[in-house]
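Structure assessment
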Amino acid sequence: MSQVLLSAKGLRLAFGGVKAADGIDLDVRHGEFLAIIGPNGAGKTTFINMTTGYLRPQAGRIEFDGKPILGLSPRAIVRRGIGRSFQLPQLFSEHTVLENAALAIAARRGIWSPFTPLLRPRWRDEAMDLLDRFGLRAVAESRADALNEGARKLADIAMAVALEPSLLLMDEPTSGVAAAEKMVIVETLVRVLRSTGVTAVFVEHDMDVVARFADRVAVWSQGRIAALGPPGEVLADPKVRREVIGIAANA
Amino acid sequence: MGTWFAENSLLLGLALLDGLANAALVFMVAVGLNLVFGVLRIVNVAHGSLFAIGAYTAASIGLFFAARGLPPWMGYVALVLAAVAIGAVLGPLIERLLLRRIYGHEDVLQLLVTFALFMILEDVQKLVWGVQPVSQDAPLRFLGTVDIPFGEDVIPFTAYQLFVLPGIALVTLLGLAWFLRRTLTGRVIVAVTTDKEAATAMGIDAARITLLTFSFGAGLAALGGALASPTLALVPGIGAQTIVLSFAVVATAGLGQIEGAALTALLIGLGRSIAVYFAPEFEVVVPYLIMVAVLLVRPQGLFGVIETRRV
Amino acid sequence: MKRESLLAALGALALVVCAWAVPWLKFVLTIALAKGIAVLGILLLLRAGQVSFGHSMFLALGAYTMAFLAPMEDEVLLLLPAAALIAAGFGLVIGLFLVRYRDIFFGMLNLAFAMVLYSLLEKLYAITKGTDGIRVAALSFAGTEPERGTQEWIVFGIALGLAILFGLLVRFYLASPMGRALAGIKTRETRLEFMGVPARRVLLFAYVLSALMGGVGGALVAMTTRHVTPQIAYWTASGELVFIAILGGAGSALGPFLGATAFELVRVYAAAAVADAWQMILGGVLLVVILFAPGGVWGLLSRRWRA
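The name given to chain C in an unreviewed UniProt entry is Branched-chain amino acid ABC transporter permease, with Belnapia arida as the source organism. Under the UniProt heading Subcellular location (unreviewed entry), the note attached to chain C is "Cell membrane".

Taking an unreviewed UniProt entry as the reference, chain A is identified by name as ABC transporter ATP-binding protein belonging to Belnapia arida.

Dropping the structure here:
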């Protein structure tokens, strides 16, 4: 029915004896929100790293928009329209939040202008708008390393969104965030992402978040996909509940 | 080609012998630099100055012994004394007073601090030993020369450079490999190198290991200098040459490689001494040409492994 | 920002007044301006968290270009750009290699290149006259050949003009997307790559710009001293440039000029008296500045204003 945006087939990668990917097959559909769950060490981040060109699988293929992207550099893959955010937010810590956002916008527009200011009025407004959508306007002038974890996470994702990717990969967007903040962050995220029409894949440990916002869930276990389907189905599966969610809840 | 070799066999032979002796000295310095980097995560720019100070100290002690009319073999005692003194005094002093303040700081800051130390130590040499060449070659003369046949020619070469220098370098290499792999302290140093946090969590006194390693590395550099002192006229500037040369060895071999550093020291030592005999203008250039050539092909060095960054 | 411009204007005025009131100071201040321009280049690299221990090679390239070309072409308006371009070209070639490396590798590889250049300048006597150095032939300025006093003023004026020009250039550059991305290399290079920005190319641009400014600085030194020796490429000269950058502070384009002026003035009085301990004093001050006043002179000044 709906079109496939990202297609991974037979991905394999082992670090020493540990199989981080042991035959991963996954199709991500246009416009969906796909959650990846599973215990630590199951290879969830490895999948994101392989898709973004940071790690190279030993076997398998990845197609994005019908074209192979395996072997491309992270930079080239970003240019094709795959953005990512990080489990540990990767902000320019000595820049202000506004500058971080403006740099991401500049990265899309082309940064090669050595003598016009980064915060020229048009870019400044655009960066402010972006921060506004993520509820970060109030901290725009703070240094990035002065933010709390929730705001850092949002800023990190905002920078990925500024590149206007068609696929956004998010590595644990709510980890390390205080429980009270969690739903606020996720709601902000879902609102912004739905408005841009981006396809999103996110690694998540919180099953409430998954149940509420994912269109489909993929369950990772020891480098393989153990189950895939709508959250209602997958999360109700007793085997998944016992083997994956049980462990994840304790982790 | 064949006739060229025949005509130049004597020079080539000399270059090979010189290169071996050279490589032995460079290795002593490079291996200390490597070891210190492994534990402290700081490449000590002042490491070459420790080589120079070791050399000067050894020469001074040797001259003092000679003036007292002590037997010539005491010259060797002077070499060892100098190395031990630098390692035991200057090493802990630098680590405790200076480096300890900057662990975990920005890389650029650490670099600048050891560079400042380098500037200071270079002048300390001038203040203590002056700018006139200092030399003390008693250990060299004591062992005399060996006649080495090279084709129809015979090269008289000092036994000191032929046996003592490569011998001590080899003993250092084997001893260090044994120490790091087989003894408890050695294993602990390796553990701290691999993962400082985990090692500390296991109850290892990382501060003590750091002090120990730095002093040991300083002692190795000083020993290199002390061993070099009978073969050189000591002048200001040898510290700067030494650090860049030993860095070239470490970079070419790949950071953290001990056996690799030995092979690379040999490669660079030979390259340099061949240049000395055949194109003296380019003596200083050759080691860096080798380094740049290697790094262009293998950015992580000949024996280095690529470290993956965590994201 | 406004204060910075005001201070720059006041500083420039003060330099002119000093050079006019105390004629022999003109020489010292011209050298200070020349070195300040070169130190601007070090400052750019510091912004990326990198430090070059071999930047004197670019001064040497600029100075020797001046000395080599002057007998063939005496027009300064051609010689200066030639020196800048040769230094920049060389910076581009070795920069393509150097920008793959960071931290200690970057610093030491720069030092290695500078050492190679120094030893070539020293050893290739037939071309460079070795440690004797080369005298810079008579120069002409826009077709005229003024007498000595006027010429000193002209060189001082050119140095001051170029210092202002490059100071402004660096200020605009550091506020531009490229300049801000350069600063991003220091804190989050991986992020740049994941934004599709080639970090190496960002650093390369800064490196070539810094090489160019080094070449200009060296050419100005040659025009002032009228005699160039390999000493200009020696590692101690690079050390002095780094020292000036840290002393002045990396926080503002004014820092290098504050640092260079203070440095050259002190050196005139102190260096001869403590020739054998000069590097030691520099090293000691460097340690004190790094450990206790990381913002340098500029940092101390701007902190006072804010307070």
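Details of the overall build of chain A
When helices and strands are tallied, chain A shows nine helices and ten strands. Taking 251 residues into account, the globule formula puts the C-alpha radius of gyration at 18 Å, and chain A, at 18 Å, falls close to it. Dimensions of chain A, computed from C-alpha atoms along their principal axes, come out at roughly 55 × 40 × 40 Å. Counting across all 251 residues of chain A, residues that qualify as buried make up 55%. Long-range pairs, those at least 24 residues apart, make up 67% of the contacts in chain A with a sequence separation of at least 6. Element-wise, carbon and sulfur atoms account for 51% of the exposed surface of chain A, whose accessible area totals about 10600 Å². Placing the 31 positive and 28 negative side-chain charges of chain A at their respective mean positions leaves the two points 5 Å apart.

Thoughts on the domain arrangement of chain A
Residues and elements named next belong to chain A. Here chain A is described as being made up of domain 1 (1-81 + 166-175 + 197-251) and domain 2 (88-164). On a C-alpha basis, the centres of domain 1 and domain 2 stand 27 Å from each other. Every contact between the two is made by nine residues of domain 1 and, on the other side, eight residues of domain 2. Regarding the contact of domain 1 and domain 2, the summed buried area is about 520 Å², with carbon and sulfur atoms giving 59% of it. The largest share of the area that domain 1 buries against domain 2 comes from L168, P173 and S175, three residues that together contribute 53% of it. Inspection of the region where domain 1 meets domain 2 yields zero salt bridges.

Considerations on the packing of aromatic side chains
Residue and element names in this part refer to chain C. The tally for this structure, following the rule as stated, stands at 26 aromatic pairs over all chains. Measuring from centroid to centroid gives 5.9 Å for F106 and Y207, while their planes differ by 85°, and the two rings are edge-to-face. Linking F106 in helix 5 (residues 103-123) with Y207 in helix 9 (residues 199-225), this pair joins segments that are 101 residues apart in sequence. By relative accessible area, F106 is classed as buried at 0%.

Section: the interface of chain C and chain B
Every contact between the two is made by 40 residues of chain C and, on the other side, 45 residues of chain B. Summing both sides of the interface, chain C and chain B together bury roughly 3900 Å²; the carbon and sulfur share of this comes to 83%. Viewed at the interface, chain B and chain C are joined by one salt bridge. Applying the counting criterion to the chain C and chain B interface returns five residue pairs in polar contact (both at pLDDT 80 or more). Elements that contribute at least two residues to the side of chain C that touches chain B include exactly helix 5, helix 8 (177-194), helix 10 (235-248) and helix 12 (278-292) of chain C. When residues in the side of chain C that touches chain B are grouped by element, the largest group, 13 residues, is from helix 5 of chain C.

Some remarks on the interface of chain C and chain A
Facing the 26 residues of chain C at the interface are 34 residues of chain A. Contact between chain C and chain A buries roughly 2700 Å² in total, counting both sides, with carbon and sulfur atoms accounting for 67%. With a shortest N-O distance of 2.3 Å, R191(C) and D156(A) are connected by a salt bridge. Mapped onto the side of chain C that touches chain A, the elements with two or more residues apiece are helix 7 (148-175), helix 8 and helix 9 of chain C. Per element, the largest residue contribution to the side of chain C that touches chain A is 14 residues, and it comes from helix 8 of chain C. Grouping the constituent residues of the side of chain C that touches chain A by class yields 15 nonpolar, five polar and six charged.

Some thoughts on the nonpolar core
Formed by 282 residues in total, the largest nonpolar core has its most connected members in F134(A), I37(C), F53(C), M195(C), M223(C) and W235(C). Split by domain, the residues of this core number at least three in each of domain 1 (1-81 + 166-175 + 197-251) and domain 2 (88-164) of chain A. Those residues within four positions of F53(C) in sequence are excluded, and the remaining contacts are V45(B), L111(B), L112(B), F115(B), G107(C), M108(C), N110(C), L111(C), S238(C) and V242(C). Residues I82(A), F86(A), V201(A) and F194(C) belong to the second largest nonpolar core, which totals 30 residues.

Quick word on the sheet that holds strand 10 (residues 224-229) of chain A
Residues and elements named next belong to chain A. Judged by pairing direction, the sheet is mixed, and its six strands sit side by side in the order 6-7-8-3-9-10 without closing on themselves. In this open sheet, the two strands that pair with only one neighbour each are strand 6 (82-85) and strand 10. Averaged over all adjacent pairs, the angle separating strand axes in this sheet is 20°, with direction ignored. Relative to strand 8 (residues 199-203), strand 7 (residues 167-171) runs parallel, the two sharing five bridges. When the bridges of strand 8 are listed, L167 appears paired with T199.

Cut-off values and rules
Sequence order as written defines residue numbering, which begins from 1 separately in each chain. All chains are assigned letters beginning with A, and all ligands numbers beginning with 1, in the order in which they are written. Given that this is a predicted model, residues contribute local features only at a pLDDT of at least 70 and side-chain atom pairs are listed and counted only at 80 or more, while totals for whole chains, interfaces and linings are drawn from all residues. Derived side-chain values reflect all non-hydrogen atoms in the structure, with water molecules and hydrogen atoms excluded from consideration. UniProt positions are given in the numbering used here, feature names are shortened, and annotations may be inferred rather than shown by experiment. Each helix is a run of H or I in the DSSP string that is no shorter than four residues. Each strand is a run of E no shorter than two, and both are numbered from the N terminus. As a reference, a globule follows 2.2 Å times the number of residues to the power 0.38, and the radius of gyration itself is taken over C-alpha atoms. Only protein chains enter the accessibility calculation, which uses a 1.4 Å probe; a residue is then buried when its area is under 20% of its type maximum, exposed when over 50%, and partly exposed in between. Should any heavy atoms of two residues lie within 4.5 Å, those residues are counted as being in contact. The method behind every accessible area is Shrake-Rupley, applied with a 1.4 Å probe, and residues are considered shielded solely by the protein chains displayed. In this tally Asp and Glu are treated as negative and Lys and Arg as positive; neither His nor the chain ends contributes. In this description, the location of a charge corresponds to atom NZ of lysine, CZ of arginine, CG of aspartate or CD of glutamate. What counts as a domain boundary in this text is fixed by an automatic or database domain assignment. By buried area we mean the combined loss of accessible area, with a 1.4 Å probe, across both parts when two parts are placed together. For this analysis, a salt bridge means a side-chain nitrogen from Lys or Arg found within 4 Å of a carboxyl oxygen belonging to Asp or Glu. Two rings from Phe, Tyr or Trp (for Trp, the six-membered ring) form a pair when their centres are within 6.5 Å of each other. A pair whose planes differ by under 30 degrees is stacked, one over 60 is edge-to-face, and the rest are tilted. N or O atoms closer than or at 3.5 Å make up a polar contact, with two conditions inside protein: a donor-capable atom paired with an acceptor-capable one, and, for residues adjacent in sequence, both atoms drawn from side chains. Classification used: nonpolar for Ala, Val, Leu, Ile, Met, Phe, Trp, Tyr, Cys and Pro, charged for Asp, Glu, Lys and Arg, polar for all others including Gly. By convention a nonpolar core is built from buried Ala, Val, Leu, Ile, Met, Phe, Trp, Tyr and Cys residues, the set being connected through side-chain atoms within 4.5 Å. When DSSP finds at least two bridges between two strands, those strands are taken to pair. Here the axes come from fitting lines to C-alpha atoms, over the contacting stretch only for helices, and the angles between their N-to-C directions go from 0 to 180 degrees.

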